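Structural overview for review
Given next are the chains, with one letter for each unit.
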Amino acid sequence: MPGWSYTNQGLPSDPLRIDSVSVTPDPLKPGSAATLRIGGTVQREIKDGAYFDLTIKLGLVKLLQRRFDLFEELRGGGSEALRLSCDTSDGKGPVPVGGTVLTAVIDLPGDVPRGKFKLQVRACTVDDDDLAALDLDVDLMPTR
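A brief structural summary. (Residues numbered from 1 in each chain as written. Predicted model: local features only at pLDDT ≥ 70, side-chain atom pairs only at ≥ 80, totals over all residues. Heavy atoms only, no water.)

Here we look at the overall build of the protein
What counts, and what does not: Strands here are runs of E lasting at least two residues and helices are runs of H or I lasting at least four, both read from the DSSP assignment and numbered beginning at the N terminus. Only C-alpha atoms enter the radius of gyration; for comparison, a globular chain is expected to reach 2.2 Å times N to the power 0.38, where N is the number of residues. Remark: exposure states derive from per-residue accessible area (1.4 Å probe, protein chains only) relative to the maximum for the residue type, with buried under 20%, exposed over 50%, and partly exposed in between.
What the protein contains, in helices and strands, is one helix and nine strands. When the helices and strands of the protein are read in sequence order from the N terminus, they spell out β-β-β-β-β-α-β-β-β-β. For 144 residues, the compact-globule estimate of 2.2 N^0.38 gives 15 Å, and the C-alpha radius of gyration of the protein, at 15 Å, lies within 12% of that figure. Overall size of the protein, expressed as C-alpha extent along the three principal axes, is 45 × 30 × 25 Å. Counting every position in the protein, which comprises 144 residues, the buried fraction comes to 38%.

Set out below in structure tokens:
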């Protein structure tokens, strides 16, 4: 059955501690929007200039490796493929200490290959220090 799972690869001392991850719809449906909600605790204010690297693999084949400016994405001026929002910052100011939810919406093409995908997200502060780390496994294999 198609599904997903995640592994928090961050450290308890990271500025953003990931507490929960949810994906909708569940199971994911090619040809529709996938919404990823990451609940976390900001332990040190996150400032403009923070970024994250996203790597997507299908099996052993690397499909995408790209760096995203976190605040540019929050302001809506970044990638068309990713719509990112945060409940505690619109990207015009820092993400404050305390609980927060980051929401990423990605349109899945109808012709997305069926298979097992691995997504790796590594986020860094403006000073290039670790911010957060997350791995996602997404299974889009057809059901029998």
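Concerning the sheet that holds strand 1 (residues 3-8)
The criterion, for reference: The pairing criterion for strands is at least two bridges between them, as found by DSSP. With axes taken as lines fitted to C-alpha atoms, and helix axes fitted only over the stretch in contact, angles between N-to-C directions fall between 0 and 180 degrees.
Taken together, five strands build an open sheet; the order of strands is 1-9-8-4-5 and the sheet is antiparallel. Of all the strands in the sheet, just strand 1 and strand 5 (61-69) have a single pairing partner and so form its edges. In this sheet, adjacent strand axes meet at a mean angle of 15° when their direction is disregarded. Pairing between strand 4 (residues 51-58) and strand 8 (residues 116-124): eight bridges, direction antiparallel. If you follow Leu54 over to strand 8, its bridge partner there is Val121.

So, the sheet that holds strand 6 (residues 82-86)
The sheet built from four strands is open, its strands ordered 2-3-7-6 with antiparallel pairing. Of all the strands in the sheet, just strand 2 (16-24) and strand 6 have a single pairing partner and so form its edges. Between one strand and the next, the sheet's axes are offset by a mean angle of 20°, whatever the strand orientation. Looking at chain direction, strand 6 and strand 7 (residues 98-107) are connected through five bridges and run antiparallel. From the neighbouring strand, Cys86 faces strand 7, where its bridge partner is Leu102.

Some thoughts on the packing of aromatic side chains
To be explicit about the condition: In this analysis, rings of Phe, Tyr and Trp, with Trp reduced to its six-membered ring, are considered paired at centre separations within 6.5 Å, and the interplanar angle assigns stacked below 30 degrees, edge-to-face beyond 60, and tilted for intermediate values.
According to the stated counting rule, one finds two aromatic pairs in the structure shown. Seen in terms of ring centroids, Trp4 and Tyr6 are 6.4 Å apart; in terms of plane orientation they differ by 20°. Their pairing is stacked. Taking relative accessible area as the criterion, Trp4 reaches 23% and is therefore assigned partly exposed. Their ring planes at 15° and their centres at 5.1 Å tell us that Phe52 and Phe68 sit as a pair that is stacked. Residue Phe52 is found in strand 4, and its partner Phe68 is found in strand 5; the two are separated by 16 residues along the sequence. Judged by relative accessible area, which is 11%, Phe52 ranks as buried.

Comments concerning a negative patch on the surface
To be explicit about the condition: Like charges are joined within 9 Å and nonpolar side chains (Val, Leu, Ile, Met, Phe, Trp, Tyr) within 5 Å, but only among residues with over 30% relative accessible area and no salt bridge; these make up the patches. Accessible surface is estimated by sampling points in the Shrake-Rupley manner with a 1.4 Å probe; for residues, cover comes only from the protein chains shown. Salt-bridge detection follows one rule: a side-chain nitrogen of Lys or Arg within 4 Å of a carboxyl oxygen of Asp or Glu. When charges are counted, Lys and Arg contribute as positive and Asp and Glu as negative, whereas His and the chain ends are disregarded. Where a charge sits is defined by one atom per residue type, namely NZ (Lys), CZ (Arg), CG (Asp) or CD (Glu).
Taken together, Asp127, Asp128, Asp129 and Asp130 make up a surface patch of like negative charges. Its location among the elements puts Asp130 in strand 9 (residues 130-139). Its relative accessible area of 51% is what places Asp130 among the exposed residues.

A few points about the pattern of salt bridges
If charged atoms from side chains of opposite charge come close, those side chains can pair. Going through the model one piece at a time under the given rule, you end up with seven salt bridges. Here Arg75 and Asp48 are joined by a salt bridge, their closest N and O atoms 3.3 Å apart. In this pair, Arg75 is assigned in the loop between helix 1 (70-74) and strand 6 and Asp48 in the loop between strand 3 (33-42) and strand 4, connecting sequence segments 27 residues apart. Put simply, Asp137 and Lys118 hold a salt bridge, and the shortest N to O gap is 2.8 Å. Taken as a pair, Asp137 in strand 9 and Lys118 in strand 8 lie far apart in primary sequence, 19 residues in all. With a relative accessible area of 31%, Asp137 lands in the partly exposed category. Exposure remark for Lys118: the relative accessible area of 47% places this residue in the partly exposed category. Three or more residues are tied together by salt bridges with common partners; here these are Asp48, Glu72 and Arg75.

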